[in-house]
Amino acid sequence: MKKLLNWLKGPTAMAALAGVVAAAVVLAVAELAGAFFTARATPVFALGSTFIDFTPSWMKDFAIATFGTNDKAALFVGMGLTIAVLACVLGLVAYRRWALGALGVLLMGAVIVASVVTRAGVGPADAIPSVVGTLAGLVVLRLLVVRLRGLKSWPEAPADSAERAVPGGASRRRFFAAAGITAAAAGIAATGGRFLSAARSNISQAREALQLPAPAKAAAALPGGVQSPVPGVPSWLTPNGEFYRIDTALSVPEINAEDWELRVHGLVEEEVRLTFRDLLDADLIESHVTLTCVSNPVGGNLAGNAKWLGLPIREVLKRARPKDGADMVLSTSIDGFSASTPLEVLQDGRNAMLAIGMNGEPLPLEHGYPVRMVVPGLYGFVSATKWVVDLEVTRFADNKAYWTERGWSERGPIKTMARVDVPRSFAKVPAGKVAVGGTAWAQTRGITKVELQIDDADWVEVDLSAEASLVTWRQWSYEWDATPGPHYLKVRATDGTGEVQTEQRADPVPDGASGWQSVMVTVE
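Please read these numbers as outputs of a predicted model, since none were measured by experiment.

1. Digging into the side chain of S228
In step 1: Here S228 is to be found in the loop between α9 (203–209) and β1 (261–266).
In step 2: Of note is the side chain of S228, whose polar atom sits 3.1 Å from the backbone oxygen of W476.
In step 3: For S228, the contacting residues outside a window of four places in its chain are V233, S465, Q475, W476 and S477.

Okay, structure coming up:
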């Protein structure tokens, strides 16, 4: 313990601390300066987005499977730890050899600047916050290293310590005071930058003030009994705040609806450009649609059902008039994400739309405000582009989308899936009558039957809740006469074509998970 305390008082630990403080200054000053630029100009978001772009698919799948909708928070934690370790190393190098340490800081600054300027929708001027932050961090590191080298002695250092006492005049107390004050100032600067950025942004206020038009074609009235009667089964209509979010955007794009424009081009007879006002003035439709993420594991919760308001994409394509040979539409988000959607899917009667409303209100910022795509029957990675600004009519043979380039399939029809929502796996329930309930989906085909198997008994057909449409999920319920002991509950669904959900297990890569969910329950 004494050796540890002596080490913490020694120059190695203090040099590492100097590096961490300098790194905090880099990020804080850039955050403050970035309040006057786009949010994607700050180092943390730029580095995080670049990391996502170069992360192999298996690691992204692991992050989503492990952390679910908290995958971005986990990324930030991992980034923070990585930056802290690198900062410690740079602090040590700068203490030993200043020139090498300074070079390391400048190289890191260059990496940050490169990450910033390569983001979609970011210009060269947006590199200014990173440059200013890097220079500020370099100055702070230099001042702390000079003060550290000026310490007079290292009392109580072990006799065999490799640390050398250095001459000088300043005290360790002054060094820690300087480091502490600098770190506190960095924290204040970062917080101030966030508040300033929020104050300068009026997108949230504009969204709240937006009055959605009445649809030319309202959603069909819901039949009675769409909700499973089993307590604990998720709401048939997913509230906006509970709707899953999986995307590549670390910083939610903030788009002024008045400035938004969609360009439709490529293999078309006529290029089309649409403004947000064009959408508001158009004949909009309303539809309940269930969306599913391709990363959803068997029994997972990366699915949600909402009422969407928007313009059918087929109407836009009628104006553009795709040329013969085109078979795909490459949709691109303002943050650079892209999805490849089969052209015929956007032209048929499934009501794929450019959505501007979700559950009776404008799209939430994190779900694509002001405009996103909603395409029934396809996983989101090939259809549900948020913050969409570009539609290129093209061919699968000529272009690849974001996830296709990373090994996922070109087309992503949603597979038939059923899950047990109640009771949860590893739950303990009393013997007797136990309510079992869940959800099943097979968008565009519908669900005609759900079956439950308890242990190795025969499959039994459960009670289906009312069906709202073929593009929404369907809930179910069953009263189980439970006997004491451990039991396994399996569930499978049959879609509207008569095809039974496959038992064969498959991982989400490359075109979605499959298999039967099995839930273990202990009856007491």
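2. Let's talk about the pattern of salt bridges
Where side chains of opposite charge bring their charged atoms close, a pairing between them can arise.
In step 1: Taken as a whole and assessed by the stated rule, the structure comprises 20 salt bridges.
In step 2: When the shortest N-O distance is used, the salt bridge between E405 and R406 registers 3.8 Å.
In step 3: Residue classification places R406 among the partly exposed residues on the basis of a relative accessible area of 23%.
In step 4: In this structure, a network of salt bridges that share partners links the residues E261, R263, E271 and R273.

3. Remarks on the packing of helix α3 (residues 43–54) against helix α6 (residues 98–117)
In step 1: Taken N-terminus to C-terminus, the directions of α3 and α6 make an angle of 75 degrees; their axes are 8 Å apart at the nearest point. When the axis of α3 is compared with that of α6, the two are roughly perpendicular. Residue-level inspection shows P43, A46, L47 and T50 of α3 in contact with α6, the latter providing V111, I112, S115 and V116.
In step 2: When the residues that make up the contact of α3 with α6 are grouped by side-chain class, the tally is six nonpolar, two polar and no charged.

4. Focus on the side chain of T385
In step 1: Locating T385 in the fold gives a position in the loop between β9 (372–374) and β10 (388–394).
In step 2: Here T385 falls in the buried class, since its relative accessible area comes to 0%.
In step 3: Not counting the four nearest positions on each side in its chain, T385 is found in contact with S331, T332, S333, F337, A339, R372 and M373.

5. Points about the nonpolar core
Side chains of nonpolar character tend, in soluble globular proteins, to be buried together.
In step 1: Counting 78 residues, the largest nonpolar core has W308 and L354 as the members making the most contacts within it.
In step 2: Excluding anything up to four places from it in sequence, L354 contacts L262, L274, L279, L309, G310, L311, I313, V316, V371, R372, M373 and V388.

6. Focus on the UniProt feature "transmembrane region" (unreviewed entry) in the protein
In step 1: As recorded in UniProt, the sites labelled "transmembrane region" (unreviewed entry) are residues 73–93, 100–121, 127–145 and 175–196.
In step 2: As annotated, residues 127–145 has a helix share of 95% and a strand share of 0%, and its two end C-alpha atoms lie 27 Å apart.

7. A word on the environment of T394
In step 1: As for its placement among the helices and strands, T394 is situated in strand β10.
In step 2: Distance from T394 to P322, taken between C-alpha atoms, is 8.8 Å for residues 72 residues apart in sequence.
In step 3: When sequence neighbours within four positions are dropped, the list of residues in contact with T394 reads L267, A326, D327, M328, L330 and N399.

8. Points about the packing of aromatic side chains
In step 1: Applying the stated criterion to the full structure yields eight aromatic pairs.
In step 2: With 6.2 Å between their ring centres and 40 degrees between their planes, W441 and W473 make a pair best called tilted. Of this pair, W441 sits in strand β13 (residues 432–441) while W473 sits in the loop between β16 (463–464) and β17 (474–482); the two residues are 32 residues apart in sequence, bridging distant segments of the chain. Taken as a pair, W441 and W473 share a single burial class, namely buried.
In step 3: For R142, the ring lying beneath its charged end belongs to W98, and the centroid distance is 5.0 Å.
In step 4: Seen from the ring of W459, R492 lies directly overhead, with NZ or CZ sitting 4.1 Å from the centre.

9. Considerations on the pairing of β1
The side chains of a regular strand alternate between the sheet's two faces.
In step 1: Direction of pairing for β1 relative to strand β2 (residues 272–275): antiparallel, over a ladder of four bridges. Within the sheet, the bridge partner assigned to E261 lies in β2 and is T275.
In step 2: Between β1 and the antiparallel strand that follows it, β2, lie five residues.

10. Some remarks on unusual backbone geometry
Negative phi values dominate among residues other than glycine, just as trans dominates among peptide bonds.
In step 1: Residue V422 is joined to P423 through a cis peptide bond whose omega torsion reads -5 degrees.
In step 2: The omega angle of the peptide bond from V509 to P510 is 5 degrees, so this bond is cis rather than trans.
In step 3: Along the chain, P510 falls in the loop between β18 (485–495) and β19 (517–523).
In step 4: Of note in this structure, W387 is not a glycine but carries a positive phi near 50 degrees.
In step 5: Looking at where W387 falls in the secondary structure, it is placed in the loop between β9 and β10.

11. Here's the deal with the environment of A136
In step 1: Summarising the element assignment, A136 is placed in helix α7 (residues 128–149).
In step 2: For A136, a relative accessible area of 22% corresponds to the partly exposed category.
In step 3: In this structure, the C-alpha to C-alpha distance between A136 and V26, residues 110 residues apart in sequence, is 6.3 Å.
In step 4: When residues no more than four places from it in sequence are discounted, the contact partners of A136 are V25 and V29.

12. Looking at the environment of G336
In step 1: By secondary structure assignment, the location of G336 is in the loop between β5 (328–333) and β6 (338–342).
In step 2: Assessed through its relative accessible area of 37%, G336 is described here as partly exposed.
In step 3: Each C-alpha atom, one on G336 and one on R119, is 7.4 Å from the other, the two residues being 217 residues apart in sequence.

So, how was this worked out
Residues numbered from 1 in each chain as written. Predicted model: local features only at pLDDT ≥ 70, side-chain atom pairs only at ≥ 80, totals over all residues. Heavy atoms only, no water. Helix = DSSP H or I, 4+ residues; strand = E, 2+ residues; numbered from the N terminus. Polar contact = N/O pair within 3.5 Å; in protein donor to acceptor, adjacent residues only side chain to side chain. Contact = heavy atoms within 4.5 Å. Salt bridge = Lys/Arg side-chain N within 4 Å of Asp/Glu carboxyl O. Buried < 20%, exposed > 50% of the residue type's maximum accessible area, 1.4 Å probe, protein only. Axes fitted to C-alpha atoms, helices over the stretch in contact; angles between N-to-C directions. Parallel < 35°, antiparallel > 145°, perpendicular 65-115°, else oblique. Nonpolar A, V, L, I, M, F, W, Y, C, P; charged D, E, K, R; others polar. Core = buried A, V, L, I, M, F, W, Y, C linked by side-chain atoms within 4.5 Å. UniProt positions renumbered as here; feature names shortened; annotations may be inferred. Phe/Tyr/Trp six-rings, centres within 6.5 Å; stacked < 30°, edge-to-face > 60°. Lys NZ or Arg CZ within 6 Å of the ring centre and 35° of its normal. Pairing = 2+ DSSP bridges.

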